[in-house]
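Now for the letters of each chain:
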Amino acid sequence: MQSILPLPTQPVKPGTSTGQQFWHTDTQKTIESYSPADGQLIARVYASTRADYDRVVETAQAAFVEWRQVPAPRRGEIVRQMGEQFRHYKRELGTLVSYEMGKSLQEGLGEVQEIIDICDFAVGQSRQLYGLSMHSERPAHRMMEQWHPLGVVGIISAFNFPVAVWSWNAMLAWVCGDVCLWKPSEKTPLTALACQQIIGDVLRNNNVPEGVSCLVTGGRDAGEWLARDPRIALVSATGSTRMGKAVAEAVASRLGRSLLELGGNNAIIVSEHADLDLAVPAIVFGAVGTAGQRCTSTRRIIVQESIYDDVKNRLKNAYAQLRIGNPLDELFHVGPVIDQAAVHSYLAAINEIRELGGHFVVEPGVLNGLGFESECYVRPCIAEADNKWPVVQRETFAPILYLLKYTTLDDAISQQNDVPQGLSSAIFTLNLREAERFLSVAGSDCGIANVNIGTSGAEIGGAFGGEKETGGGRESGSDAWKAYMRRQTNTLNYGTTMPLAQGITFEL
Ligand code: UN1
């Protein structure tokens, strides 16, 4: 396939965003970005050196001193203008996301829409960075709390949502008065550079100090620089649980803050009271959308035994209609997985399922031949499995759906919770008692619990994140902004005496 985008022919450089200080030092080391759609090399990007990184952090620190003084609603106005830019470039950026990462064009466009949505949200938030006011126990005293920005926020993002997850963090961090240093996945550096370009004009036109939006490129090394660096006040990391544990340990050992959004192992419970016309499309989109590479992808469905065969047959029929192919062609539902390593982990999971005696309701396979030259296209499959199997317990970032059976709702809920991860979950039922039980304290243990919708595709207005090995962080909506600020408690004495709290007397 011919490249459909005007892609750079020279390696492009990371740095800060206004274009005045794009630099690299003595390195010629580049990161190569291949499209899983057609296997083509689409860009080479310079990998930041440690010296580049240090210069970027110093620039960011200097920018923070100015940026924190800009009134929050004014910072919001700048984010509003960024949102306008993303509206303007929605199709171009969505196409690039689809081409570099491999998700369907619809999902690429949806990802850019998430950026636009969080920009709008952050604009409103910029006038709502509220603290509380408390009544003091002492006469003529006032107590209150206020929220101040943290400083430099490091954002480590994953390939599967190469731009949206950055924006959830960055847009909120900016209105909060922080500056951002983004380390995108080394598998998708070009979309990150595109975002820097898209917001560059807004930053320049508003005389935003150099360093408010920074980018460093690289792999694990660059992530470690951020995690170990006491100059990075908050490290927000999205990715595997393994990566998250490494980041959490490094950040905790310097008593820094981390915000973790890690693996999911999301299940949908399908009750005998479900509307299957709703459940089936939700399951299929959840399992095959982004080729099973969302952290919210549906990995397990837990079906009541009386409707098990019916659900199995309906899913089999639905999967038979799936069209796999070039993600930029809207004819296809499912694009490729990100790279050969992803294909290998898909195949390893398939082998493990077979060895354990799992039966495939829909057969797996790797596609080859015309249109599949990248060798990254795999068949979405469904296996009848056991929740206890190690392969079911872990997150394989591929379109493999496990079919599990239950008798009672309590049994279903305990299977749903009986995994190390706790991101997203759902139940399909029209029975009010079942729905409420699922949402109750004795129900789902996940950060996201839905009724009659699937596990993926969350809106930005809610707090996004999960429990247990998912890492506990919350991003985007609700009061997630608080993670990007420090709380300060203030007590003011406007009286003429000096009373002590707790009634303590201290006479001189
Ligand atoms: C992720 O996969 O890291 O809820 C984020 C969803 C999307 C975000 C997924 N809004 O599926």
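Residues numbered from 1 in each chain as written. Predicted model: local features only at pLDDT ≥ 70, side-chain atom pairs only at ≥ 80, totals over all residues.

- The name that an unreviewed UniProt entry assigns to the protein chain is aldehyde dehydrogenase (NAD(+)), with the source organism given as Spirosoma endophyticum.
- The UniProt entry for the protein chain carries this comment under Subunit (unreviewed entry): "Homotetramer."
- The UniProt entry for the protein chain carries this comment under Sequence similarities (unreviewed entry): "Belongs to the aldehyde dehydrogenase family." (UniProt positions renumbered as here; feature names shortened; annotations may be inferred.)

1. What about the UniProt feature "active site" (unreviewed entry) in the protein chain?
Then, number 1: According to UniProt, the "active site" (unreviewed entry) feature falls on Glu 261.
Then, number 2: Inspection of the secondary structure puts Glu 261 in strand S10 (residues 257-261).
Then, number 3: Once residues lying within four places of it in the same chain are set aside, the contact partners of Glu 261 are Thr 238, Cys 295, Gly 465, Gly 471, Gly 473 and Glu 475. (Helix = DSSP H or I, 4+ residues; strand = E, 2+ residues; numbered from the N terminus. Contact = placed C-beta atoms within 7 Å.)

2. Observations concerning the site of the ligand
Then, number 1: Taken together, Glu 114, Asn 160, Phe 161, Val 165, Thr 238, Arg 294, Cys 295, Thr 296, Ser 456, Gly 457 and Ala 458 form the complete shell of residues around the ligand.
Then, number 2: A breakdown of the residues in the shell around the ligand according to their chemical character gives 4 nonpolar, 5 polar and 2 charged.
Then, number 3: Shared between two domains, the shell around the ligand takes at least three residues from each, and those domains are domain 1 (51-260 + 471-488) and domain 2 (266-460). (Near = placed C-beta within 6 Å. Nonpolar A, V, L, I, M, F, W, Y, C, P; charged D, E, K, R; others polar. Domains from an automatic or database assignment.)

3. Looking at the sheet that holds strand S18 (residues 448-451)
Then, number 1: The strand order across the open sheet formed by 7 strands is S13-S14-S15-S12-S11-S17-S18, and the pairing between neighbours is mixed. Of all strands in the sheet, those with a lone pairing partner are strand S13 (359-362) and S18, marking the two edges. Going across the sheet, the axis of each strand differs from the next one's by a mean of 25°, ignoring polarity.
Then, number 2: Pairing geometry for strand S11 (residues 266-270) and strand S17 (residues 424-428), over 4 bridges, is parallel. Counted as the bridge partner of Val 270 is Phe 428 from S17.
Then, number 3: Sheet contacts for helix H10 (residues 308-320): S11, strand S12 (298-304), S13, strand S14 (381-384) and strand S15 (400-406); angle to S13, the most-contacted strand, approximately 55°. (Pairing = 2+ DSSP bridges. Axes fitted to C-alpha atoms, helices over the stretch in contact; angles between N-to-C directions.)

4. Brief notes about the sheet that holds strand S5 (residues 141-149)
By way of backbone hydrogen bonds, the strands of a sheet pair with one another, either parallel or antiparallel.
Then, number 1: Reading across from one edge, S4-S5-S22 is the order of the 3 strands in this open sheet, with antiparallel pairing throughout. Of all the strands in the sheet, the pair left with one neighbour each is strand S4 (133-135) and strand S22 (485-493). Direction aside, neighbouring strands of the sheet carry axes that sit 25° apart on average.
Then, number 2: Sheet topology places S4 next to S5; 3 bridges connect them, and they run antiparallel.

5. What to know about helix H11 (residues 340-355)
Then, number 1: The end-to-end C-alpha distance of H11, which contains 16 residues, comes to 22 Å, matching closely the 22 Å that a straight helix rising 1.5 Å per residue would cover.
Then, number 2: Turning to H11, its buried residues number three or more, namely Ala 342, Val 343, Tyr 346, Ala 349, Ile 350 and Ile 353. What you see down the axis of H11 is that its buried residues fit within an arc of 125°, all on one side. Those residues of H11 that are exposed and aimed more than 90 degrees away from the buried face are Ala 341, His 344, Asn 351 and Glu 355.
Then, number 3: Lining the buried residues of H11 we find S14, helix H12 (390-393) and S15.
Then, number 4: Two residues or fewer past H11, Gly 357 is found with a positive phi of approximately 90°. (Expected span 1.5 Å × (residues − 1). Buried ≥ 20, exposed ≤ 12 C-beta atoms within 10 Å, placed from the backbone. Arc of directions from axis to C-beta.)

6. A few points about the pairing of strand S3 (residues 41-46)
Then, number 1: Direction of pairing for strand S2 (residues 30-34) relative to S3: antiparallel, over a ladder of 5 bridges. Bridge pairing links Ser 33 to Ala 43 in S3.
Then, number 2: Two successive antiparallel strands, S2 and S3, enclose a turn made up of 6 residues, where Gly 39 displays a positive phi of approximately 80°.

7. Section: the packing of helix H2 (residues 72-88) against helix H6 (residues 189-205)
Then, number 1: Relative to each other, H2 and H6 sit at 140°, their axes nearing to 9 Å. Relative to H6, the element H2 lies oblique. With respect to the hand of their crossing, H2 and H6 are arranged in right-handed fashion. The residues of H6 that touch H2, namely those facing Ile 78, Gln 81, Met 82, Gln 85 and Phe 86, are Ile 198, Ile 199, Asp 201 and Val 202.
Then, number 2: Considered class by class, the residues forming the contact of H2 with H6 number 6 nonpolar, 2 polar and 1 charged. (Parallel < 35°, antiparallel > 145°, perpendicular 65-115°, else oblique. Left-handed = near helix turned anticlockwise from the far one by under 90°.)

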